[in-house]
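A closer look at the structure
Residues per chain are reported as follows:
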Amino acid sequence: MQVRLLGPVDVVVAGEPRPVQGLRRKAVLAALALHCGEVVSTSTLADVVWGQRAPSTAVNTLQSHVSYLRQLLGSKDAIRARPPGYLLDLGDEGTDVQAAERLLLAGRQAADPVLGARQLQAALALWRGRPLADLPGLAWLEEQAERLELLGVQVKRALFEARLTAGEHQALVPDLEQMVAGRPLDEQLQAQLMLALYRSGRQADALAAYRRLQQALSEELGVHPGQQLRELEAAILRQDPALDPPAAVAALRLGPPPVPVPAQLPAAVAAFAGRGTELASLDALLPRAEPVSGGPAAVVISALSGTAGVGKTALAVHWAHQVSARFPDGQLYVNLQGFHPGGAAVEPGEAVRGFLEAFGVPVARIPAELPAQAGLYRSVLAGKRVLVVLDNARDVEQVRPLLPGSPRCLAIVTSRNHLTGLVAAEGAYPLTLGLLPAADARDLLARRLGAARVAAEPDAADEIIACCARLPLALTIAAARAASSPGFPLAAVAAELRESAGALDPFHGGDPATDVRAVFSWSYQALSTGAARMFRLLGLHRGPDISVAAAASLAAVEPGRARGPLAELSRAHLLAELAPGRFAFHDLLRAYATEQAHALDSRQDQDAAVCRVLDYYLHTAHAAARLIEPHLEPLSLVPPRPGVVAASLAAEAGAMAWFTAEHAALVAAVRLAADAGFGTRAWQLAWTLSTFLLRCGSWNDNTLAQQAGLDAARRAGDVAGEAHAVHGLALGYARSGRFGDAYPQCERALGLFELIGDELGQARVHNSLTWLAEHEHRVPDALGHAMRALELYRKAGHQAGQAMVLNDIGFCHAQLGSYRQAISYCELGLAAVREAGERSWEAATWDSLGYIHHRLGDHDRSFGCYQRAIDLYLELADRFNEADTLDHLGDAQQAAGDAAAARRSWARALRIFEEISHPDSDRVRPKLGGLGLPPDLSAEVAPSL
């Protein structure tokens, strides 16, 4: 059975419509159906049915109406008495409204636009005229009718979009023209009409439609079309090929794209030798990870431990490649850098984010805090067969968040430590690697040098093995050196090693991991001058890896000339190319390279190299940040040193990609700049990097970078740098919900900017203080800060800042009850920020206008404004503000009497707040509780992929 509301109110039972007799009975049914699955109190029903004129017999009359409706529905259980009222229980699609909402969501999410259009057409077919058409004169139900009409408009918009994507532009023009005639200021519909006209070969008509909208907006609202519509007009004028119909629509009809199957294992180890016993032990783990009924309740884990250079990674990667087919859902790999000489171990959160992105989880949906990240990661892996290789772990705490929870998965962990905590708590299977047995060491040489060459000089081979202490890393480097001179007898190679060892005797410490300097030295001496210099300078770089461009600036050579030395180092196994154009050291080789730099290069040359790579990062990051935030106030940078070539980035997407690739290296570079005494570069790099870090929710990295920049600025006596770093800390604290920490930092930053007379700096801090005061409900203080910011922006002639702060002033007036004044400021601000093309400020202004119209009781306009803001925040991947505005929308919907819609909005907001581990979840959760939502919100707020 189903209750139909999208037209005259009736009931469909067994496919047959049944009319409802009587206005009041229809009103009772409509009120229950609009809250389907929720208890509606008798007082609420009385208000809906009679308003202020409810009779004294209202409760008894309602009982009579409910009895009639139960008979009509053919079930006593369809309407249940639940104190303090009644509950209509017809299942998930007991009303045509619920069916329409489901079809709308499915149509929007469909990968095939043709299928999506069918679902949306099915949704639209549910409207049988004006919703609740036979319930005139009942105020609350008339408001609901308007809301349901707006739902129909959303369905039509989505249907138009699907048909455009499916290539139906020409047939769509008449429908769009009819729709636009009734909603002439709807920019989304106008954009669809312009695109349909253009694709139909009617460029002039498309441009005429834009001009009509431009004139109407100017005359009626005093604003210009939004940035997206202006960009569409420009694209039509230049006949941009990107506007052409999708060429691969047919490919989309094959169905939704499959979930990515990551294959992150490094390249298979060449000429792997020995370790037969250890490989057999790993093979024995496989039956425990097989998907059998009644299988293990926990993931299978193996913990490989051993000294540096003993071949833990080689064994784990070699075995992982052998068994990869047993894990069809993917193989994950991360080098955790637990023993990086610079202390730059990979944080678990960074590793989890990389794993989630490998499975196609959008960056915007990845939570900010580690517990939520780990929960989402385990949810993604649930039921999958995935092999996870966690290489070079520092300790158990670094590993635990990265362990899958599915018993169908298997994890291999390598570490120099024994990780006994994993064995005790997670039931890991320990496996300790020792030095290679002599026979296996000989096999390794034979595989790399040829069996005949080794067999011809067994004594020399044994001496090489002894000089390398049977350590696989040293043997691999020695073999590479011998292979590069195939005409040399192995005895000569052994003699060279013996002589090198004697020269380095003072450095020996008895540990094979540190007694291989002879092998490193011997291989290093064979390098060309350029490669040897590159090797030493790379030891000064702190990041986990380095790009060709950064290495070129480090060595003061053109990027094209840097590739040769890097390739030579890679061939000699002194450097590994982890991905095309990105190189990394083994920890022991990095330590040796740093020793050589300190021993052979002057302090002046070392400082110059460090300065050059910092200039590369700083100037490229500054340009990238300006692409991401076009109105970001530029810093006054020191010109880069000779030999630095900053990367060229063309657009926002390129800037984000560069930041993502260099994320860890950039954070390490801030610490390097601070430690090396380059204070200005340290705080400027931290400030520039914060634009990216705050957008992607890397709160901890922002704090680390800003604190390092702050310490460096203070040591250098740089007050401007200290002010920027303190404000950077405050911004991070505020965005992550740590308001108590943010406020004193803002006050400190303001005092520093006042001390140096930086008006723009003061204005930006007043912006932050406005936001903090609003969140603490200190509205007069917030208004004072906003007015002060406007004054400072005007004194500095900063137009973009003035545009932004107008919205802040308007919102403060709204909170003080001066709604007309608030609208005036916000509409001025909206026109200015749209003119500037700043979508984040535009979204904030729509949010303010939504609040104002909510307080004025204009619910439809409030809903529309809030939705505009939410749509923009979705485009910007701004998760916090999306959730914040959803919360506001829920408030407005609740005030309008639409508890079901409010529940959905608050549930979405809560889900996001919990995913980003934001304390505002504590503010939203009680609202849902007040609507009777069960404590277990998993069905409504679980992360969706």
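Here's what I pulled together on the structure shown here. Chains are numbered independently. Their residues run from 1 in the order of the written sequence. With pLDDT at 70 or above as the cut-off, local features in this predicted model cover only qualifying residues; side-chain atom pairs require 80 or more to be listed or tallied, and sums for whole chains, interfaces and linings still use all residues. Based on all heavy atoms of the structure, the side-chain values leave hydrogens and waters out of the count.

1. A closer look at the packing of aromatic side chains
- Classification of ring pairs uses Phe, Tyr and Trp, with its six-membered ring standing for Trp, and accepts pairs whose centres are within 6.5 Å; under 30 degrees between planes counts as stacked, over 60 as edge-to-face, and the remaining range as tilted. Tallied over the entire structure, the rule returns 10 aromatic pairs.
- When the centroid spacing of 5.1 Å and the interplanar angle of 15 degrees are considered together, the rings of Phe-659 and Phe-692 count as stacked. Of this pair, Phe-659 sits in helix 29 (residues 652–675) while Phe-692 is found in helix 30 (residues 679–695), placing the two residues 33 residues apart along the sequence.
- Working definition: with a 1.4 Å probe on protein chains only, accessible area under 20% of the residue-type maximum means buried, over 50% means exposed, and in between means partly exposed. Of the residues examined, Phe-659 reaches a relative accessible area of 0% and is grouped as buried.
- Through successive ring pairs, a cluster of aromatic residues spans Tyr-616, Tyr-617, Trp-658, Phe-659 and Phe-692.
- Remark: a charge is flagged as sitting over a ring if the NZ atom of Lys or the CZ atom of Arg is within 6 Å of the ring centre and within 35 degrees of the ring normal. Positioned over the ring face of Tyr-68 is Arg-25, at 3.9 Å from the centre of the ring. Think of it this way: any DSSP run of H or I at least four residues long counts as a helix, any run of E at least two long counts as a strand, and we number them from the N terminus.

2. Digging into the side chain of Asp-96
- Note that Asp-96 resides in helix 4 (residues 96–109).
- Nearest to the buried, unbridged Asp-96 among oppositely charged side chains is Arg-128, at 4.2 Å.
- Setting aside anything within four residues of it in sequence, one finds Asp-96 in contact with Gln-2, Val-3, Arg-4, Leu-5, Leu-6, Leu-126 and Arg-128. Only four residue types enter the tally: Lys and Arg on the positive side, Asp and Glu on the negative side, with His and both chain ends excluded. Counted as salt bridges are all cases of a side-chain nitrogen of Lys or Arg within 4 Å of a carboxyl oxygen of Asp or Glu. By definition, residues are in contact when any of their heavy atoms lie within 4.5 Å.

3. Focus: unusual backbone geometry
- Geometrically, the link from Pro-83 to Pro-84 is a cis peptide bond, its omega value of 10 degrees lying close to zero.
- In this fold, Pro-84 is placed in the loop between strand 5 (79–82) and strand 6 (85–88).
- With a phi close to 50 degrees, Leu-132 is a non-glycine residue in the positive phi region.
- Along the polypeptide, Leu-132 turns up in the loop between helix 5 (113–124) and helix 6 (139–165).
- Of note, Arg-275 is a non-glycine position whose phi angle comes to about 65 degrees, a positive value.
- Checked against the element boundaries, Arg-275 lands in the loop between helix 11 (249–252) and helix 12 (276–283).
- For Arg-275, a relative accessible area of 4% gives the class buried.

4. Thoughts on the pairing of strand 2 (residues 10–13)
- Neither face of strand 2 is left uncovered, since the one carrying Asp-10 and Val-12 and the one carrying Val-11 and Val-13 both have all their residues buried.
- When DSSP finds two or more bridges between two strands, those strands count as paired. Alignment of strand 1 (residues 2–4) against strand 2, held across three bridges, turns out to be antiparallel. Residue pairing across strands places Gln-2 opposite Val-12, the latter belonging to strand 2.
- Following strand 1, the chain reverses through five residues before pairing antiparallel with strand 2; Gly-7 in that reversal takes a positive phi of roughly 150 degrees.
- Relative to strand 3 (residues 16–19), strand 2 runs antiparallel, the two being bridged by four bridges. Paired with Val-11 across the bridge in strand 3 is Arg-18.
- Taking the residues between adjacent antiparallel strands as the criterion, strand 2 and strand 3 are bridged by two residues, where Ala-14 takes a positive phi near 55 degrees.

5. Here we look at helix 1 (residues 23–34)
- Take the residue count of a helix, subtract one, and multiply by 1.5 Å to get its expected span. Under the 1.5 Å per step criterion, the end-to-end length of helix 1 is 16 Å for 12 residues, consistent within 8% with the ideal 16 Å.
- Burial analysis of helix 1 places nine of its 12 residues in the buried class, the great majority of the element.
- Listed in full, the buried residues belonging to helix 1 are Lys-26, Ala-27, Val-28, Leu-29, Ala-30, Ala-31, Leu-32, Ala-33 and Leu-34.

6. Regarding the packing of helix 6 against helix 8 (residues 187–199)
- Every axis in this analysis is a line fitted to C-alpha atoms, fitted for helices over the stretch in contact. Angles between the N-to-C directions lie between 0 and 180 degrees. Two elements in contact, helix 6 and helix 8, have axes separated by 11 Å at closest approach and are oriented at 25 degrees. Comparing the axis directions of helix 6 and helix 8 gives the class roughly parallel. In terms of crossing hand, the pair formed by helix 6 and helix 8 is left-handed. Contact residues: Arg-157, Phe-160, Glu-161 and Leu-164 in helix 6; Gln-188, Leu-189, Gln-192, Leu-195, Ala-196 and Arg-199 in helix 8.
- Grouping the constituent residues of the contact of helix 6 with helix 8 by class yields five nonpolar, two polar and three charged. Throughout this description, any angle smaller than 35 degrees is read as roughly parallel, any larger than 145 degrees as roughly antiparallel, any in the 65 to 115 degree range as roughly perpendicular, and the remainder as oblique. Left-handed describes a crossing whose near helix is turned anticlockwise from the far helix through less than a right angle; right-handed describes the clockwise counterpart. Each residue is assigned to one of three groups, with Ala, Val, Leu, Ile, Met, Phe, Trp, Tyr, Cys and Pro labelled nonpolar, Asp, Glu, Lys and Arg labelled charged, and all others, Gly among them, labelled polar.

7. Some remarks on the nonpolar core
- Formed by 72 residues in total, the largest nonpolar core has its most connected members in Leu-527, Phe-535, Leu-538, Leu-569, Tyr-617 and Phe-659.
- Residue contributions to this core peak at 12 residues, all from helix 28 (residues 603–628).
- If sequence neighbours within four positions are ignored, Tyr-617 has contacts with His-541, Ile-546, Ala-550, Trp-658, Glu-662, Ala-665, Leu-666, Ala-669 and Leu-685.
- Residues belong to one nonpolar core when they are buried, are Ala, Val, Leu, Ile, Met, Phe, Trp, Tyr or Cys, and are joined through side-chain atoms within 4.5 Å. Counting residues in hydrophobic clusters, the runner-up holds 54 residues, among them Val-13, Leu-34, Tyr-68 and Leu-120.

From the geometry alone we can't say anything about function, so treat these as descriptive.
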